[in-house]
Each structure stands twice: as structure tokens, then as C-alpha cells.
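Each chain, letter by letter, is given below.
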Amino acid sequence: MKQRISETLFVEGGKIRCASCAHPLAPAGTGWKQAAALSTVPVAALPGTGSNVEPRVVLRRFACPQCGNLLDTETALPEDPFLEDVVAV
Amino acid sequence: MDPITFSIIRHRLFRVVEEAVITLKHVSGSAITNEGHDLMVSLYQADGSLLMGGVGFLHHLTSAAEACKAIIRRFGGQIAEGDMFLLNDPYTAALHTSDIYLVSPIHHGGKLVAWSACFVHVSDIGAMNPGGFAPDAQDIFTEGFSSPGIKIIDRGELQQDLWDTILNMVRSPEMVALDLRSMIACNNVARERMLALIDKYGTKTVDEACAALIDQSEVKLRERLRELPNGHWQSRQYLEVKGEIYKVLLTMTKHDDTLTFDFTGSSPQSKYSVNCSKWASLGGLFAPLFPLLCYDIVWNEGAIRPIEMIAPEGTIVNCTRPAPVSVATVGAIQSVNNAACSAIGKMLAASDKYADEATAVWHANHFAIFMFGNNQRGRLAIGILTETFAGAGGARTFGDGVDIGGEIPNPISRMANVETIEAQFPIRYLFRRKLTDSGGPGKFRGGAGGEMAIVAHDAPDGGIHYVLSGKGPRFPQSDGLCGGYPGSVNDYVWVHAPQDGHNTDRFAQTLNAIPGEDEPISWGVFPLMGDDALYVRWNGGGGIGDPLDRASEKVMADVTTGHISKAAASEVYGVVESAGTIDQSATDAKRSELRRARLVAGPVQ
């Protein structure tokens, strides 16, 4: 039985999966970001950026390693850990 | 009790608050109150606990409850019919000194039965800087008059000595007097209407209805929480002051029918006035919680019971006296708002039933720009640029955010017309409009923020000055959700006019067209003199979902309306245009290329 855990992820068969292609990412009830494809973009390089943006701040983009769909994003300084979102199942 | 009587009393309580808000706005003469709606009115039980939360800035609902309780503790048996108390000490209950609470006991038959409480941001509080936000303050002692509770009206009699003392400590006594009188009128109306309600139904029946209302809110919120998945969700907000970076880190844990907000890991308190006290953080997390989880539940003590907050002492979200806090409402409190909104949004998005209630973060970065100086009529004018309340909506799981769409913590926030501000201050707007590329990209885009520029105009002193504070322009703060990007950053630019006086475009329509040298600014007191200009842009809302999943037609429509640039359409949304129409095959190829590029980076190391 499928259980939604976000707009982009669901749990089935004991695994957290990409909602777009069902690729398994991690055991249910755990963090999944380590299994994602991570690309980072400096916020200063995004369209609409301001004149005084912190040069070190990036947008972390966590994508499905199979289909490339974005699963989540977070704004971060390089030294800060990933935000952890864990839904119990 | 019978459900019809219960329902009538419930609705009468709503109307009591509503009429009191109208009174507050009608009597007040300041744009921040009757245009920006930086206000709040609520009703409280005899013990000070929240009975009926009103509209306005919602982080005051719980703080004003604490204000009522502080007055009860301080004055005990000396609380009489017709009294009214003033409290604005942030280490007792208030958010910052310039948000003054006036709380009024309501007696019936000689017995204390309830309280009404309200606040407005008064025109001035005598802090180091005009208007109350004091970026130059180094401690609470330099942030103006601060009271843990005084009786300003004794059995219906205004205490003239106290009144005169307070007004003697502020820069704009006439306006502050009007602010205070608007709150007195507001509480008087609330008291009269409450007494009429009790006269009609009797103390016992009204008490029973109020108790049932509070129990109902608790039962409903606990039921809702049980329907949501268990888990924990994190969010993080950065803010910056003069090169120093601070963060608010939140871990929100939902277990069964309880919700815990833990701010462990947040930065130590700052030497700057962006800190907030414990009561302010509590209010800060409830401001998004009430509308997002209790949209159909009465905002009262019952909705507070299932919630716990952990805010380590000595941090930016629970600072210790005498740390300065005057910028808190556009500083750490708003970071708490944003972090809570983000975490609650993630929890809602994890639920099949409640996914449509999820939202990315709305207008996350207030800017406080208080103008001060002599206006075109030679009178001292102090007041805020209300564009900070204009906001921008976060995207939803089913649609785009609302452009210039307000903010979550204040359901009735709005900005004044340009003409209202120009009539109050010796300034002229060059432009004010929606800002391109400000809404966070996503399958559903965040609502647009805005941009504006002003110059001095008809100023007897050659211009005016302004106090600028907030969380800075260096970090995006309107977080996206489920793959959506954050909304754009704020920006503040002081354009120094050419010294030779030539090439001055008095009607420039963009920042680049304003002649002169740009200087980014973010914190302090600045002049707006001569032909210099101030350019301000404010953030858009966060997006939801992968921007590459946004319908191509919507992307092109956004280009046409100026919501996004052609560069964003191509590089973020992957939509290729040819001769004004969508080249679908090229778009498909571009989107595939952008998806592959994400994979090149590989799995997380």
C-alpha cells in the first residue's frame, strides 16, 4: 500500500520512493537525502537575485537519481548539514 | 448546553472582536495601524488565557495572554472595574517596546469575568532611533520606555500624571496619544459588547459556552493532529546584520496528538536588536499554526494545549535581559514564523487528506523603514513605509501564490496607497510595482513581491531621514516546498545622485535608470536628501514542485505578464521560445538536458 510522505515521495514495500518514477531511495522511516543526486546552485546565480546576496549561500537541489525530478530543495551555507525530514511509517 | 445557544454565543464573541478592531482602526490616525493593519484585538478569560483570538498580527495572541497574566500577578486584588493597564516590556510579555498592549479587565456584577487586550505599533516609543525599531540600540535600556505593567486608567479615570509622563518620553506625543486613545476606545467597545452578551444570556451560560469553546478547540486540533502522520521536519532560517550571520533552526516533531517545536541549534543571542524573547518566539510559532492548522478551529487556549516549545535560553529565539529586541518583529520572530510555516507545510504535504492545505513560505522578510523628519507642512512626521506589509503568497500544492499577497502571520495585512504616503512625508514615488523573477520557481510559482523607488519632494529641510532594519538582503527566506525554489531576496539601494547635478532623471522607471552611484544598504539611519533615491525590493513567496514540471503555457504567460524573465523561462523552467511561441520539441529537449545535468552531480558524498 502506498503512503504519501510528501508531494514528491511515497513509501511502498518498505522503501521511500520517487513519486515520479518509483525509484527506491531509502528504507521507510529514515532520512532519504543521502540517496538523492545533489546539485548546488549559488543563490547569487539565480534569476532575480539581489545586489547584496551572500556569496556562499547555495540552493541545494535533491533530485531522483533515476529520473532527475526534483524531490526537495533547501537554502544552505556549505558548513550546515542537510535538513532532516523523517515521516514515521 | 444546547447547540444553538452555544453557536450564537460563539458568533457573538467573533463579532465583539470584529467591532473592536473596527473601532481601533477608526480612531487611530497612523498608517501603520489603519493601512498596514499592524494591530491585534483579542478576548481573554478571567485567568488571562486566550478565549477568542482576533485578526491582525497573530503572534500577539499568546503574548497578550501573558500580558494579562502578568497584570494579574502584579496587581492581584487591586484590579477594579473600569481599570486599564499598559504593558510593553518584552521580557514580561510584549514583542518589542513599540508594540504597546492595553489590557482591560471586564467585570460583571462586581466579578472579574474576562479581559480584552489590544496592541498597536505606536508612532514612537523614545528609543535611540525614531519609530521604535532601533538598529543603534545595544541593550533594552536604549530601546525606549518599557513597562512591565502600569494602571493607566483607574476605575474609569485616566491617570493624567502617567499619561503625561509617557507622552513626555516620545518624539511624537500627539500621534502616540491618538494611538493610545484608539486602544482605549477599542477596549471600551469590547467591554461594552461583552457585558451586553452576558446581560442577555447570563454569566453561567456564557461561562459554560466559553469553556465548551475552549474544549472544542482542543478536541478538534488533537483530532487533526492524529490524522496527520507522525514524524519530524526541520527548517532553517538565516538572517544577517552588519556581516554577522545568525540562524534559527527548528525541529518540529509530531507525535500522536501533540506537536513540539524545538529551536535547539539556533544561534546565540545577538548584540544587535534582532533577538526575541521567549514569549515572542511562542507567539511567532503560533502565528502560522493558527491559520494553517486551525483554519476552522477557534483560536483559543484549547488550541494552545497540544503545543510545546523548546527555546534554549541565551539564543536568538530566547534572549536574556538586557539584550536588545526592538527589531524582533522583523528579526527573529519572523524567522520563527517562517521556520514554523515551512515545517508545518512539510507535515501537511505528507498527508493525503491535508496536502491541499500545505503552503510554501510566504513573504518571509519584512523590512522596517521608518521615515522621520519635517514634512511638507513643517510638522514632524514619523511613520513606516507600509509596503513591508504588502507581502507575497507562497505557492500551494494546487496553484500559484498570490502576487503582493500579504503574509501568513497577519491575515489582514496590506499596504497604503502611494498617495497616502506622499501626503504624510515629503517624498515622491518614482515607481511601485510587481517584481520580475521574485516568486520562487516551481510547478506552482510563488507570488510576486514588489519593487519601488522614492526621492525627496517638497521637503523644507531638503529631504528626510529613515531608519532601516530587518533581516538583511543576503539570504532568501521564503523557502520553497517539495522541490520548489525560494522566493527572491530583499534589496535596499541608496542611489547617490551625481554631484554635478546633471543627468538627473526625475521620472526614472527602473533602478538602472536612476542616475548616480548605487550603494547597497541594510541597517542603520540614512538620509534621503537632494536628488538621491532609495530603491527597495521585497521578496516573493516560495514555489512548490519541480519548475521543469510547470506547464509550458503558464511559463510563457508569466513571461508575457512580466512575472518572470526570458532567462528564467529558459534556464530554470526549460521552456524554449521561438518567434513568440513555445517550441515544444526544443522545450522537451531542454528539460531533458536540465534533468540530466542534475544527475551529473551524482549521489550525495
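Residues numbered from 1 in each chain as written. Chains lettered and ligands numbered in written order. Predicted model: local features only at pLDDT ≥ 70, side-chain atom pairs only at ≥ 80, totals over all residues.

A.B. asks: Would you take a moment to explain the overall build of chain B for this structure?
C.D. replies: In terms of regular secondary structure, chain B is built from 13 helices and 22 strands. Relative to the 2.2 N^0.38 estimate, which gives 25 Å for 605 residues, the radius of gyration of chain B is 25 Å and therefore close to what a compact globule would have. C-alpha extents for chain B along the principal axes are approximately 80 × 60 × 40 Å. Evaluated residue by residue, chain B yields a buried proportion of 58% over its 605 residues. Within chain B, residue pairs in contact and separated by at least 24 positions form 74% of the contacts whose partners lie at least 6 positions apart. (Helix = DSSP H or I, 4+ residues; strand = E, 2+ residues; numbered from the N terminus. Rg over C-alpha atoms; globule rule 2.2 N^0.38 Å. Buried ≥ 20, exposed ≤ 12 C-beta atoms within 10 Å, placed from the backbone. Contact = placed C-beta atoms within 7 Å.)

A.B. asks: I would appreciate a short explanation of the sheet that holds strand S18 (residues 517-520) of chain B in the present structure.
C.D. replies: By way of backbone hydrogen bonds, the strands of a sheet pair with one another, either parallel or antiparallel. Residue and element names in this part refer to chain B. Strand order across the open sheet formed by five strands is S14-S15-S20-S17-S18, with antiparallel pairing between neighbours. Looking at the sheet topology across the chains shown, the edges are occupied by strand S14 (427-434) and S18. Ignoring strand direction, the axes of neighbouring strands in this sheet form an average angle of 20 degrees. Summarising the sheet, strand S17 (residues 491-496) and strand S20 (residues 533-538) pair through five bridges and their orientation is antiparallel. Note that in S20 the partner of Val-495 across the bridge is Ala-533. (Pairing = 2+ DSSP bridges. Axes fitted to C-alpha atoms, helices over the stretch in contact; angles between N-to-C directions.)

A.B. asks: Would you mind showing me how to read the pairing of strand S13 (residues 380-384) of chain B here?
C.D. replies: When a strand is regular, its side chains alternate between the sheet's two faces. Residues and elements named next belong to chain B. The buried fraction of S13 is high, at four of five residues. Here strand S12 (residues 367-374) runs beside S13; their pairing, made up of five bridges, is antiparallel. When the bridges of S13 are listed, Gly-373 appears paired with Ala-381. Between the end of S12 and the start of S13, which pair antiparallel, lie five residues, with Gly-378 showing a positive phi angle near 75 degrees.

A.B. asks: Would you mind going over the interface of chain B and chain A with me for this structure?
C.D. replies: The partner chain A presents 40 residues to the 53 residues of chain B that form the contact. Per-element accounting of the side of chain B that touches chain A gives the leading share, seven residues, to strand S8 (residues 231-241) of chain B. Broken down by class, the residue content of the side of chain B that touches chain A amounts to 22 nonpolar, 17 polar and 14 charged. As paired elements, strand S8 (residues 86-87) of chain A and S8 of chain B share two bridges and run antiparallel to each other. If you follow Val-86 of chain A over to S8 of chain B, its bridge partner there is His-232 of chain B. (Nonpolar A, V, L, I, M, F, W, Y, C, P; charged D, E, K, R; others polar.)

A.B. asks: What is the right way to look at the nonpolar core in this model?
C.D. replies: Soluble, globular proteins show a tendency: their nonpolar side chains are buried together. All names here are of chain B. Formed by 201 residues in total, the largest nonpolar core has its most connected members in Ala-67, Tyr-101 and Val-103. With 11 residues, helix H9 (residues 332-349) is the single largest residue contributor to this core. Residues in contact with Tyr-101, not counting those within four places in the same chain, are Ala-64, Ala-67, Leu-87, Asn-88, Ala-93, Ala-94, Ala-117 and Phe-119. In terms of nonpolar packing, the next biggest core, distinct from the first, is built from 10 residues, Met-556, Val-559, Ile-564 and Ala-569 among them. (Core = buried A, V, L, I, M, F, W, Y, C linked by C-beta atoms within 7 Å.)

A.B. asks: Is there a simple way to think about the sheet that holds strand S2 (residues 9-12) of chain A in this case?
C.D. replies: One open sheet holds the four strands; their spatial order is S1-S2-S3-S4 (chain A), and the pairing between them is antiparallel. Each end of this open sheet is capped by a strand with a single partner; those strands are strand S1 (3-4) and strand S4 (24-27) of chain A.

A.B. asks: I would appreciate a short explanation of the domain arrangement of chain B in the present structure.
C.D. replies: When the parts of a complex come together, some accessible area is lost, and that lost area is often taken as the interface size. Residues and elements named next belong to chain B. Structurally, chain B comprises domain 1 (3-219) and domain 2 (359-565). Using C-alpha coordinates to define each centre, domain 1 is positioned 32 Å away from domain 2. With 21 residues of domain 1 at the contact, the number on the domain 2 side is 24 residues. (Domains from an automatic or database assignment.)

A.B. asks: It is not clear to me how unusual backbone geometry should be interpreted in this structure. Could you clarify?
C.D. replies: Excluding glycine, residues mostly have negative phi values, and the peptide bonds linking residues are mostly trans. Residue and element names in this part refer to chain B. Arg-321 connects to Pro-322 through a cis peptide bond whose omega is 15 degrees. Topologically, Pro-322 is positioned in the loop between strand S11 (307-310) and H9. Even without a glycine there, the phi angle at Asp-437 is positive, about 60 degrees. Since 24 C-beta atoms lie within 10 Å of it, Asp-437 is described here as buried.

A.B. asks: Explanation requested: the environment of Asp-47 of chain B in the structure shown.
C.D. replies: All names here are of chain B. Mapped onto the elements, Asp-47 comes out in the loop between strand S1 (39-45) and strand S2 (50-52). Given 13 C-beta atoms within a 10 Å radius, Asp-47 is considered partly exposed. Here the alpha-carbon distance between Asp-47 and Glu-571, two residues 524 residues apart in the chain, equals 58 Å.

A.B. asks: Would you mind showing me how to read helix H1 (residues 3-27) of chain B here?
C.D. replies: Owing to its 3.6 residues per turn, the α-helix brings residues three or four apart onto one side. All names here are of chain B. For H1, which comprises 25 residues, the first-to-last C-alpha distance of 36 Å matches the rise-based estimate of 36 Å (1.5 Å per residue) to within 8%. When we look at burial in H1, the residues that qualify are Ile-9, Leu-13, Val-16, Val-17, Ala-20, Val-21, Thr-23 and Leu-24. Along its buried surface, H1 packs onto helix H2 (31-34), S1, S2, strand S5 (111-121), helix H5 (173-201) and helix H6 (203-227). (Expected span 1.5 Å × (residues − 1).)

A.B. asks: Whenever I open this one, the environment of Gln-269 of chain B confuses me. Can you help?
C.D. replies: All names here are of chain B. Inspection of the secondary structure puts Gln-269 in the loop between strand S10 (258-262) and helix H7 (278-293). On the basis of neighbour counts, which here come to 22 C-beta atoms within 10 Å, the residue Gln-269 falls in the buried class. Considered as a pair, Gln-269 and Val-317 are 48 residues apart in the sequence and their alpha carbons are 7.4 Å apart. Not counting the four nearest positions on each side in its chain, Gln-269 is found in contact with Asn-275, Gly-314, Thr-315, Ile-316, Cys-319, Thr-320 and Ala-323.

A.B. asks: Whenever I open this one, the packing of H1 of chain B against H5 of chain B confuses me. Can you help?
C.D. replies: Packed helix pairs are specified by the crossing angle of their axes together with the interaxial distance, meaning the distance between the axes. All names here are of chain B. H5 packs onto H1 with a crossing angle of 160 degrees between their chain directions and a minimal axis gap of 8 Å. With respect to their mutual orientation, H1 and H5 come out roughly antiparallel. The way H1 lies across H5 gives a crossing that is right-handed. Residue-level contacts link Thr-5, Ile-9, Arg-12, Val-16, Glu-19, Ala-20, Thr-23, Leu-24 and Val-27 of H1 to Arg-181, Ser-182, Met-183, Ala-185, Cys-186, Val-189, Ala-190, Arg-193, Met-194, Leu-197 and Tyr-201 of H5. Per-class residue counts for the contact of H1 with H5 are 13 nonpolar, three polar and four charged. (Parallel < 35°, antiparallel > 145°, perpendicular 65-115°, else oblique. Left-handed = near helix turned anticlockwise from the far one by under 90°.)

A.B. asks: Is there a simple way to think about helix H11 (residues 552-561) of chain B in this case?
C.D. replies: Residue and element names in this part refer to chain B. Among all positions of H11, only Val-555, Met-556, Asp-558 and Val-559 are buried. Projected onto a plane normal to the axis of H11, the buried residues spread over an arc of 155 degrees and lie on a single side. Pointing more than 90 degrees away from the buried face of H11 are the exposed residues Glu-553, Ala-557, Thr-560 and Thr-561. Positioned one or two residues after H11, Gly-562 has a phi angle of 85 degrees, which is positive. (Arc of directions from axis to C-beta.)

A.B. asks: Sorry if this is basic, but what is going on with the packing of H1 of chain B against H6 of chain B here?
C.D. replies: Residues and elements named next belong to chain B. Between H1 and H6, whose axes approach to 10 Å, the crossing angle comes to 80 degrees. Between H1 and H6, the angle is such that the two are roughly perpendicular. In this structure, H1 uses Thr-5, Phe-6, Ile-9 and Arg-10 to contact H6, whose residues at the interface are Thr-205, Val-206, Ala-209, Ala-212 and Leu-213. For the contact of H1 with H6, the residue count by class is six nonpolar, two polar and one charged.

A.B. asks: Which parts of the structure should I look at to understand the environment of Pro-460 of chain B?
C.D. replies: All names here are of chain B. Tracing the backbone through its elements, the reader meets Pro-460 in the loop between strand S15 (450-456) and strand S16 (463-470). In this structure Pro-460 comes out as partly exposed when scored by C-beta crowding, with 14 C-beta atoms within 10 Å. Separated by 81 residues in the primary sequence, Pro-460 and Arg-379 have C-alpha atoms spaced 9.8 Å apart.

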